[in-house]
Amino acid sequence: MEATTNRIKNLLVKVRSLRMSGSCALNLCGIACGRLDLFYSLRYGGLWDVAASIVIVIEAGGLVYEPSGKDFDITSTSTRIAASNPCLRDAFVKALELSE
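Residues numbered from 1 in each chain as written. Predicted model: local features only at pLDDT ≥ 70, side-chain atom pairs only at ≥ 80, totals over all residues. Heavy atoms only, no water.

Per an unreviewed UniProt entry, the protein goes by the name Inositol monophosphatase and belongs to Rubroshorea leprosula. Annotation of the protein in UniProt includes, under Sequence similarities (unreviewed entry), the sentence "Belongs to the inositol monophosphatase superfamily." Note on the protein: under the UniProt heading Cofactor (unreviewed entry), the record states "Mg(2+)". (UniProt positions renumbered as here; feature names shortened; annotations may be inferred.)

The structure is reproduced here in structure tokens:
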């Protein structure tokens, strides 16, 4: 809990606003339609939370990746995911590294 809170506090000075809706699939779709610029989660429920919405993000021209910057692997046991437009990926990965 403390690590997550610290990450959020460190990112708050770099973003205009922050939303926490609780739905991984809806947040990914928010990326796809341009409602959200960036989404990340360090723990989602499982493959069913992300499978369809990953396709939607990619088809819309967005990127889906690990918050560390690595390519997202849907077969991995990791439950970490990030998505954004292509312009924000590198800046987000760098900002998240600095906040850890």
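What follows concerns the pattern of salt bridges. Taken as a whole and assessed by the stated rule, the structure comprises one salt bridge. In this structure, Glu66 and Arg80 form a salt bridge, with 3.7 Å as the shortest nitrogen-oxygen distance. In this pair, Glu66 sits in the loop between strand S2 (63-65) and strand S3 (81-84) while Arg80 sits in the loop between S2 and S3, placing the two residues 14 residues apart along the sequence. Judged by its relative accessible area of 10%, Glu66 falls in the buried class. (Salt bridge = Lys/Arg side-chain N within 4 Å of Asp/Glu carboxyl O. Helix = DSSP H or I, 4+ residues; strand = E, 2+ residues; numbered from the N terminus. Buried < 20%, exposed > 50% of the residue type's maximum accessible area, 1.4 Å probe, protein only.)

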